[in-house]
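Spelled out, the chains give:
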Amino acid sequence: MTNPSANPTRPIPGRPRSKTAQRVRERLIQAGLVGCALFSILITASIVVILAAEAIQFFRLDEVSITEFFFGTEWSPLLGAEKHFGIWPLICGTLLVTAVAMSVALPLGLITAVYLSEYAPPRLRAVLKPTLEVLAGIPTVVFGFFALTVITPGLISLHEGFEIYNAFSAGIAVGIMCLPIVTSLTEDALQAVPRALRAGAFGLGATRFEVSVKIVLPAALSGIVAAFLLAIARAVGETMIVALAAGSSPNMTLDPRESVQTMTGYMVQIFLGDASNYGPEYLSSYAVAFMLFVMTFGITVIGQKIRKRFREVYQ
Amino acid sequence: MMEPSEAALPEEPVATHEEITFKTDLSQTRPSEDPQDLDAAVRVERFSSWYGDFQALQALSFVIPENRITAFIGPSGCGKSTLLRWINRMNDLVPSARAEGVLELHGTDLLSSQADVVDLRRRVGMVFQKPNPFPKSIYDNVAFGPRLHRKLSRSETDDLVEQSLNDAALWDEVKDRLKASALSLSGGQQQRLCIARAVACGPEILLMDEPCSALDPKSTAAIENLMATLRQHYTIAIVTHNMQQAARTSDFTAFLYQGELIEFGATQQIFTKPEQRETENYITGRFG
Ligand SMILES: Nc1ncnc2c1ncn2[C@@H]1O[C@H](COP(=O)(O)OP(=O)(O)OP(=O)(O)O)[C@@H](O)[C@H]1O
Ligand SMILES: [Mg+2]
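Every value quoted in this text rests on a predicted model; they were computed, and no experiment measured them.

## Notes on the overall build of chain B
Stage number 1. Across its full length, chain B carries eleven helices and ten strands.
Stage number 2. Scored against the burial criterion, the 288 residues of chain B give a buried share of 51%.
Stage number 3. Sequence-distant contacts in chain B: of pairs separated by 6 or more residues, those separated by 24 or more amount to 68%.
Stage number 4. In the structure as shown, chain B presents an accessible area of about 13,600 Å², 46% of it carried by carbon and sulfur atoms.

Structure, rendered in structure tokens:
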């Protein structure tokens, strides 16, 4: 590239940096980065391997049959003479709580995000958005407490059918817990839609509502779906609230007024209770954990797929 | 390992060998008219506007004549976009913006707080500097505006989309892929789509703010030719930094400088014998 016959340039002060030192430094930095990346991949992989190994041990036990585990509708590992390991009551409890939580968090979060992004005056937004993010940092045990001491008594006073521990109360609390993430991520997705699109729609005579609903929401769809799925994954994996408020009776039910047990709730019960370290009930929690992992993993994968599918490229 | 300095340099832009024809050259073909003799589409009188304490436009008075192309020229920051944004009330979105004076579209007061802003914006089409098609299909982009304001049957919409795309000289290029995403079009096609989108609402005036500044010469020629055709049905106001473009396409030219209207007249007159010293300096490139 250098051409000595080109115009003589103004000399630049200083000595040239050592190329070797530069190269060595680049190599070191690269090695460090690769090391860190490998480390976190390794940790994740080993967690999965341990989960799978223990789950396999569980299925090897005489008392356990794989068919019962995947298709059985009775989960009674601790009580009774005969133990049953059918996972559906736990999945049912998890889905019930998640469904209640999402019917609170998704619509409310979406509406709040649209308000913040499209309607709120900038100064109000500057206050509300950080406040929301602070809410996202509240420890979940607080929400569990809130469910038990406020939501449940409230529900019972409205309707007598609610049990002390019930899926509805826990679901509402999980929903409130998820609300800040849903709102914040959805709002980010809405803000990422180029201003020029809004200007174009306003210029054609669209009202603020039409701009929000017909232009901004569809354009932000991939981000919104991703936010929703992240919230669902969090709700499925939420532990503290359900352990406190949903109860610990693995019921095969779709009635949210009843007490249920979620997958996470069961694991807490096993690890905190005085179950032995090797019995079938202990090992069963690994199988449940593995199922939970598969579920959240599935949600994430679906999220990625949807994101790719709906992603629009601007410019 | 590849050294960064040896990475391939970006390729030289390849010159296009296709012939670029600018069909229009109004300044050569049309006699100068007096704007006072024509019907006014937009009437501007003692019109001033502010952003907070900053006065962006200073007591402008002129008319934009009906069914003609009026070019707004002037150095960056002189208030051209501000003026256009008042005509379709886009400045409503800027909290600090306010205005005084008279601004009328076919007799409708554009500044009145009672004005139906949504209806005003329908009557005024706007084409922006950078093409901004919605991330929807080509068809839905064109149908977007009309669907906001009217109930249309399927076949009415089809006809309107075809007619608008025809008006924007885009129909032949996209008629086989109306359902394709508008973002799959080239920049020049996207800009013509934005024109079709604006035209589909049946505007009384089309505002174009530097519509060609992001386009190559060929697309620019396409848009300029298009303006000459649209001129039969629409009033057009165009902002441009390209003096040849202003001279080629417009019937009238307004020269703004620091928020003031220095000169307004037939394009031919402005470009051949401007009355003001500043105008002459600007169009000959001595400042700007
Ligand atoms: N939203 C705003 N808030 C405050 N001042 C603004 C705003 N928009 C424009 N201005 C100011 O108003 C003046 C006119 O701006 P305008 O955008 O109309 O210029 P322009 O003639 O279109 O320039 P250009 O050729 O660079 O597009 C400028 O000094 C600009 O800084
Ligand atoms: Mg401008």
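## Some words on the overall build of chain A
Stage number 1. Looking only at helices and strands, one finds twelve helices and two strands in chain A.
Stage number 2. Mapped in sequence order, the helices and strands of chain A form the string α-α-β-β-α-α-α-α-α-α-α-α-α-α.
Stage number 3. Scaling as 2.2 N^0.38, a compact globule of 315 residues should have a C-alpha radius of gyration of about 20 Å, whereas chain A reaches 26 Å, well beyond that.
Stage number 4. Counting only C-alpha atoms and orienting by the principal axes, one finds that chain A spans roughly 95 × 60 × 35 Å.
Stage number 5. For chain A, contacts bridging at least 24 residues in sequence account for 70% of all contacts bridging at least 6.

## Notes on the site of ligand 1
Residue and element names in this part refer to chain B.
Stage number 1. In the vicinity of ligand 1, 14 residues are found, and the nearest of them are Ser76, Lys80, Ser81, Thr82 and His241.
Stage number 2. At a separation of 3.0 Å, an oxygen atom of ligand 1 approaches a polar backbone atom of glycine 79.
Stage number 3. Residue arginine 85 places a side-chain N or O atom 3.5 Å away from a nitrogen atom belonging to ligand 1.
Stage number 4. Expressed as a share of its isolated accessible area of 640 Å², the protein-covered part of ligand 1 is 65%.
Stage number 5. Of all elements in the fold, only β2 (54-65) and α2 (80-87) reach the threshold of two or more residues within the shell around ligand 1.
Stage number 6. Here the element with the most residues in the shell around ligand 1 is α2; it accounts for four residues.
Stage number 7. Among the residues forming the shell around ligand 1, the class breakdown is five nonpolar, six polar and three charged.

## Focus: the packing of helix α3 (residues 88-119) of chain A against helix α6 (residues 167-191) of chain A
Residue and element names in this part refer to chain A.
Stage number 1. Orientation of α3 relative to α6, taken along the N-to-C sense of each, is 35 degrees, at an axis distance of 6 Å. Note on packing geometry: the crossing formed by α3 with α6 is right-handed.
Stage number 2. Split by residue class, the contact of α3 with α6 holds 22 nonpolar, eight polar and two charged.

## So, the side chain of Ser169(A)
Stage number 1. Along the chain, the position of Ser169(A) falls in helix α6.
Stage number 2. Using a relative accessible area of 0% as the deciding quantity, one classes Ser169(A) as buried.

## Observations regarding the sheet that holds β2(B)
Residues and elements named next belong to chain B.
Stage number 1. Judged by pairing direction, the sheet is antiparallel, and its four strands sit side by side in the order β2-β1-β4-β5 without closing on themselves. Edge positions in the sheet fall to β2 and β5 (108-109), since each has one partner strand and no second.
Stage number 2. Here eight bridges tie strand β1 (residues 40-51) to β2, and the two strands are oriented antiparallel to one another. Bridge pairing in β2 links arginine 43 to valine 63.
Stage number 3. Against the sheet, α2 makes contact with β1, β2 and β4 (97-105), and its axis sits at roughly 115 degrees relative to β1, the strand it touches most.

## Focus: the side chain of Arg198(A)
Stage number 1. Mapping Arg198(A) onto the fold places it in helix α7 (residues 195-203).
Stage number 2. Not counting chain neighbours up to four residues away, the residues in contact with Arg198(A) comprise Ser117(A), Glu118(A), Leu190(A), Gln191(A), Val193(A), Val211(A) and Val216(A).

## Overview of the domain arrangement of chain A
Residue and element names in this part refer to chain A.
Stage number 1. For chain A, the assigned domains read domain 1 (19-60) and domain 2 (75-310).
Stage number 2. When each unit is reduced to the centre of its C-alpha atoms, the spacing between domain 1 and domain 2 is 30 Å.
Stage number 3. Listed per partner, the contact involves eight residues of domain 1 and nine residues of domain 2.
Stage number 4. Approximately 790 Å² of surface area, both sides summed, lies buried where domain 1 meets domain 2, with 89% of it carried by carbon and sulfur atoms.
Stage number 5. When residues of domain 1 are sorted by the area they lose upon contact with domain 2, Leu51, Glu54 and Phe58 head the list and together hold 66% of the total.
Stage number 6. Between domain 1 and domain 2 we count zero salt bridges in total.
Stage number 7. Linking domain 1 with domain 2 are zero residue pairs in polar contact (both at pLDDT 80 or more).

Definitions and cut-offs
- Residues numbered from 1 in each chain as written.
- Chains lettered and ligands numbered in written order.
- Predicted model: local features only at pLDDT ≥ 70, side-chain atom pairs only at ≥ 80, totals over all residues.
- Heavy atoms only, no water.
- Helix = DSSP H or I, 4+ residues; strand = E, 2+ residues; numbered from the N terminus.
- Buried < 20%, exposed > 50% of the residue type's maximum accessible area, 1.4 Å probe, protein only.
- Contact = heavy atoms within 4.5 Å.
- Areas by Shrake-Rupley, 256 points an atom, 1.4 Å probe, with all protein chains shown as cover.
- Rg over C-alpha atoms; globule rule 2.2 N^0.38 Å.
- Near = heavy atom within 4 Å.
- Polar contact = N/O pair within 3.5 Å; in protein donor to acceptor, adjacent residues only side chain to side chain.
- Nonpolar A, V, L, I, M, F, W, Y, C, P; charged D, E, K, R; others polar.
- Axes fitted to C-alpha atoms, helices over the stretch in contact; angles between N-to-C directions.
- Left-handed = near helix turned anticlockwise from the far one by under 90°.
- Pairing = 2+ DSSP bridges.
- Domains from an automatic or database assignment.
- Buried area = accessible area lost by both parts, 1.4 Å probe.
- Salt bridge = Lys/Arg side-chain N within 4 Å of Asp/Glu carboxyl O.

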